[in-house]
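Coordinate analysis (summary)
Here are the chains, one letter per residue:
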Amino acid sequence: MEYKDYYKILGVERTADQDSIKQAFRRLAAKYHPDRNQEKGAEDRFKEINEANEVLSDTTKRARYDQLGAEWRAGQNFKPPPGWGKSSPQFDSSFFEGIARRGANTQQSSGFSDFFEGLFGGGFRRGSTGAQNASTSTQTTSTLQIELEDIYRGIKTVKLPSGGHVKIRIPPDISDDTKIRIPGKGPHGSDVYLKVKVNEHPTYRKEGSDIYLDLPITPWEAALGETITVTTLAGKISLKIPPGSQSGRKMRMKGRGLTGQEPGDLYIVLHIHTPPADTSEQKEYYARMKALFTWNPRQHLT
């Protein structure tokens with residue numbers, strides 16, 4: 001089993017705070033998301049980024065992961081240090097024996113690596129007789145990663161531990177730790193239980209049945225008003241920016257959120273981005289603006 005350096009995967013220091021981890025995840029997820037990046041290896045990189053964020057963004061998982069120490073290198077064969085079972089209440093020797101017996105199919109069934117499932121997976125339970133293989137139980141539990149696009153479409157094709165595929169319905173109110181039961185599709189006719197993990201989207205955020213999109217616009221688009229093309233979950237739309245718009249303005253697209261008994265709305269939140277002044281000509285232009293406008297955005301604070 002290869003050790004995963006989750007800090008290196010996200011490109012952050014081991015002392016990074018939660019905001020730094022969140023920013024790093026969003027930047028990398030936006031770059032490697034399969035809907036945006038069709039290059040070879042992008043999907044595997046996206047899964048790796050999701051896995052690292054799953055651990056480092058959760059204080060409990062991160063604390064448990066940090067107990068392994070900082071001396072490990074990515075790709076290194078991972079073995080528990082001497083006395084680990086005695087010094088750590090989370091694990092004992094049977095825990096690591098269970099890891100070895102899990103086999104190479106863990107990532108295919110859960111979406112996470114063997115290393116992650118070994119540390120945090122729920123397929124083994126501890127006891128006086130040691131770890132027990134989940135395949136001998138009457139059910140199989142796997143982690144199902146859900147994207148916001150899956151929730152919007154309301155359906156997802158799932159690869160089963162047996163190697164087959166099945167389509168399942170995704171309700172709009174689905175959330176983390178929701179369990180989905182697929183009867184008779186596990187080993188020897190056992191049931192399969194899928195524990196849901198809703199991945200954070202790099203572009204959109206979900207609030208109930210509503211979808212929010214933070215849209216960057218230029219100062220001239222905000223001041224003059226222009227029609228721009230915006231990519232939504234439903235596809236590309238033409239959006240008319242009202243003249244004189246300010247950052248934080250919400251534009252509501254009724255019924256364009258998640259479907260359900262009461263369809264949600266799409267809210268596009270405008271954010272004005274100022275271009276950098278890199279050349280002397282651009283700096284001169286900003287100087288002319290300063291002389292031309294007497295407007296003070298902080299006047300209400302004086």
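Residues numbered from 1 in each chain as written. Predicted model: local features only at pLDDT ≥ 70, side-chain atom pairs only at ≥ 80, totals over all residues. Heavy atoms only, no water.

1. Considering unusual backbone geometry
Phi at Asp177 takes a positive value of approximately 75°, unusual for a residue other than glycine. Within the secondary structure, Asp177 sits in the loop between strand 3 (165-169) and strand 4 (179-182). With relative accessibility at 53%, the residue Asp177 sits in the exposed group. (Helix = DSSP H or I, 4+ residues; strand = E, 2+ residues; numbered from the N terminus. Buried < 20%, exposed > 50% of the residue type's maximum accessible area, 1.4 Å probe, protein only.)

2. Focus: a nonpolar patch on the surface
On the surface, a cluster of nonpolar side chains totalling about 630 Å² of accessible area is made up of Tyr285, Met289, Leu292, Phe293 and Trp295. Here Leu292 is to be found in helix 11 (residues 280-292). (Patch = residues over 30% accessible without salt bridge, like charges linked within 9 Å, V, L, I, M, F, W, Y side chains within 5 Å. Areas by Shrake-Rupley, 256 points an atom, 1.4 Å probe, with all protein chains shown as cover. Salt bridge = Lys/Arg side-chain N within 4 Å of Asp/Glu carboxyl O.)

3. Regarding the packing of aromatic side chains
Evaluation of the coordinates by the stated rule reveals four aromatic pairs. Here Tyr3 and Tyr65 contribute two aromatic rings whose centre-to-centre distance is 6.0 Å and whose plane-to-plane angle is 15°, an arrangement assigned as stacked. In this pair, Tyr3 sits in the segment before helix 1 (6-10) while Tyr65 sits in helix 4 (residues 59-66), placing the two residues 62 residues apart along the sequence. Under the relative-accessibility criterion, Tyr65 is labelled buried at 0%. Aromatic pair Tyr7 and Tyr65: ring centres 6.1 Å apart, planes at 40°, arrangement tilted. Separated by 58 residues along the polypeptide, Tyr7 in helix 1 and Tyr65 in helix 4 bring together distant segments of the chain. Residue Tyr7 is classed as buried on the basis of its relative accessible area, which comes to 1%. Each residue in the set Tyr3, Tyr6, Tyr7 and Tyr65 is aromatic and connected to the rest through ring pairs, giving one cluster. (Phe/Tyr/Trp six-rings, centres within 6.5 Å; stacked < 30°, edge-to-face > 60°.)

4. Some points on the nonpolar core
Ile168, Leu194, Leu215, Val230, Leu239 and Ile268 are the most contacted members of the largest nonpolar core, which has 31 residues in total. Considering each element in turn, this core owes the most residues, four residues, to strand 7 (residues 210-217). If you look at the next biggest cluster of nonpolar residues, it comprises 25 residues, including Leu10, Ala42, Tyr65 and Phe116. (Core = buried A, V, L, I, M, F, W, Y, C linked by side-chain atoms within 4.5 Å.)

5. Overview of the sheet that holds strand 10 (residues 250-253)
Reading across from one edge, 6-7-11-10 is the order of the four strands in this open sheet, with mixed pairing throughout. Lying at the two open borders of the sheet, with one neighbouring strand each, are strand 6 (204-207) and strand 10. With direction set aside, neighbouring strand axes in the sheet form an average angle of 25°. (Pairing = 2+ DSSP bridges. Axes fitted to C-alpha atoms, helices over the stretch in contact; angles between N-to-C directions.)

6. So, the side chain of His33
Relative to the elements of secondary structure, His33 occurs in the loop between helix 2 (18-32) and helix 3 (42-56). Classification of His33 as buried rests on a relative accessible area of 4%. Leave out the neighbours within four places in its chain, and His33 touches Phe46, Glu147, Glu149, His201 and Pro202. (Contact = heavy atoms within 4.5 Å.)

Note that every value here comes from positions in space, so none of it alone points to a role or purpose.
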